[in-house]
Amino acid sequence: STPMFQILRAEDRWHTRHGWLESSHSFSSACRTAHAPVRPPVGALCVLSEDLIAPTRGFGMQPRRDVEIVTYVLDGVLAHRDSLGCGAIVRTGGIQRMSAGTGLMHGETNASRDRPLHLLQIWLQPAERGGRPGYEERRFADDEKRGRLRLVAAPDGGDGALSMRADARIFAGLIDGDETTAFDVPAGRSVYVHVARGEVEVNGRALAAGDGARIGGVDAVAFARGRSAEVLLFDVA
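1. Describing the overall build of the chain
Helix and strand counts for the chain stand at one helix and 20 strands. For 237 residues, the compact-globule estimate of 2.2 N^0.38 gives 18 Å, and the chain sits close to it at 17 Å. Considering only C-alpha atoms, the chain reaches an extent of 45 × 40 × 40 Å along its principal axes. Residue burial in the chain is summarised as follows: out of 237 residues, 51% are buried. Accessible surface for the chain amounts to roughly 10700 Å². Of this, 48% is attributable to carbon and sulfur atoms. If you average the places of the 29 positive and of the 30 negative side-chain charges in the chain, the two averages end up 5 Å apart.

2. Overview of the sheet that holds strand E7 (residues 77-82)
In spatial order, the strands read E5-E10-E7-E8; together these four strands make up an open sheet with antiparallel pairing. Edge strands, defined here as strands with exactly one partner in the open sheet, are strand E5 (58-64) and strand E8 (87-91). The mean angle between the axes of side-by-side strands here comes to 20°, regardless of whether they run parallel or antiparallel. With five bridges connecting them, E7 and strand E10 (residues 104-110) associate as antiparallel partners.

3. A word on the side chain of histidine 25
Inspection of the secondary structure assignment puts histidine 25 in strand E3 (residues 21-25). Side-chain polar atoms of histidine 25 contact the side chain of serine 49, separated by 2.8 Å.

4. Things to note about unusual backbone geometry
Even without being a glycine, aspartate 66 presents a positive backbone phi close to 50°. On the secondary structure map, aspartate 66 appears in the loop between E5 and strand E6 (68-75). Classification of aspartate 66 as buried rests on a relative accessible area of 10%. Phi is positive for arginine 225, close to 50°, though the residue is something other than glycine. You can call arginine 225 exposed: its relative accessible area is 60%.

5. Examining the pattern of salt bridges
For the structure shown, the criterion picks out 18 salt bridges. When the shortest N-O distance is used, the salt bridge between glutamate 230 and lysine 145 registers 4.0 Å. Taken together, the residues span a long stretch of sequence, with glutamate 230 in strand E20 (residues 220-236) and lysine 145 in helix H1 (residues 142-145) at a distance of 85 residues. As far as burial versus exposure is concerned, glutamate 230 and lysine 145 are alike and both buried. Residues joined in a network through salt bridges with shared partners are Asp167, Arg169, Arg189 and Asp235.

6. Describing the side chain of aspartate 235
Turning to its location among the elements, aspartate 235 is positioned in strand E20. A relative accessible area of 2% means that aspartate 235 is categorised as buried. A distance of 2.9 Å separates a polar atom in the side chain of aspartate 235 from a polar atom in the side chain of arginine 169. Of note is the side chain of aspartate 235, whose polar atom sits 2.9 Å from the side chain of arginine 189. Ignoring anything within four residues of it in the chain, the contact list for aspartate 235 reads Asp167, Ala168, Arg169, Phe171, Phe183, Pro186, Arg189 and Ser190.

7. Description of the sheet that holds strand E12 (residues 134-139)
Read across the sheet, seven strands follow the order E2-E3-E4-E11-E6-E9-E12 without closing on themselves; strand pairing throughout is antiparallel. The strands lining the two open edges of the sheet, one partner per strand, are strand E2 (14-18) and E12. Mean inter-strand twist for the sheet, computed between neighbouring axes without regard to direction, equals 15°.

8. Observations concerning the nonpolar core
Ranked by size, the top nonpolar core spans 27 residues in total, and within it Ile122, Leu124, Ile170, Tyr192, Leu232 and Phe234 carry the most contacts. Every element with two or more residues in this core is listed here: strand E4 (45-53), E6, strand E11 (117-124), strand E13 (149-154), strand E15 (168-175), strand E17 (190-202) and E20. In this structure, Val185, Val191, Val202 and Ala213 belong to the second largest nonpolar core, which totals 22 residues.

Conventions we followed
Residues numbered from 1 in each chain as written. Predicted model: local features only at pLDDT ≥ 70, side-chain atom pairs only at ≥ 80, totals over all residues. Heavy atoms only, no water. Helix = DSSP H or I, 4+ residues; strand = E, 2+ residues; numbered from the N terminus. Rg over C-alpha atoms; globule rule 2.2 N^0.38 Å. Buried < 20%, exposed > 50% of the residue type's maximum accessible area, 1.4 Å probe, protein only. Areas by Shrake-Rupley, 256 points an atom, 1.4 Å probe, with all protein chains shown as cover. Lys, Arg positive; Asp, Glu negative; His and termini not counted. Charge placed at Lys NZ, Arg CZ, Asp CG, Glu CD. Pairing = 2+ DSSP bridges. Axes fitted to C-alpha atoms, helices over the stretch in contact; angles between N-to-C directions. Polar contact = N/O pair within 3.5 Å; in protein donor to acceptor, adjacent residues only side chain to side chain. Salt bridge = Lys/Arg side-chain N within 4 Å of Asp/Glu carboxyl O. Contact = heavy atoms within 4.5 Å. Core = buried A, V, L, I, M, F, W, Y, C linked by side-chain atoms within 4.5 Å.

The following block contains the structure:
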């Protein structure tokens, strides 16, 4: 298939601000407003939002069903609670996965009194509807992601990754200085790359914090010339 490398620049995301919450949406499925540009999902990946939440503030209990929600904490302390009785504190470098399945209620709050909470909220279409709701949380140390792509979520878990019920795999990497790494794209799959912070070259193209790229029709996705870069790579159908 023809190679595709489509860049979505940070400033071209849909930005919303509601007092305590500042969000930048790479895909607009989350906002569903008349003004939001419609950007089709990439495989199972339908929402990718960068949120900045003021101290002690957050989302009250909200109902969800038939969605896999992955939260990646970039900086700060997140308090999670849900109707399954799960309560968790997720710190910088932590990642949580919630399978809404047949339905649950959940709330996410900034647990700090003085520091903003900076996170990525990721929604994925489940491979099948229904199923028992579930929750899982894990933290990956920086040295697991340093100069490489660490599997953090996958359909069958494995290798210490979170398990999720979506046809997607999520990798996280830290690329700086001379570090390089590459991802071999499985046949017939596409990739979405999101730069969470710093700057990095992806297949020779310069991307900076907040930028994303839809990549298809290539055998590999290579990362080089990072400047304190943190990246997420989504392997989707």
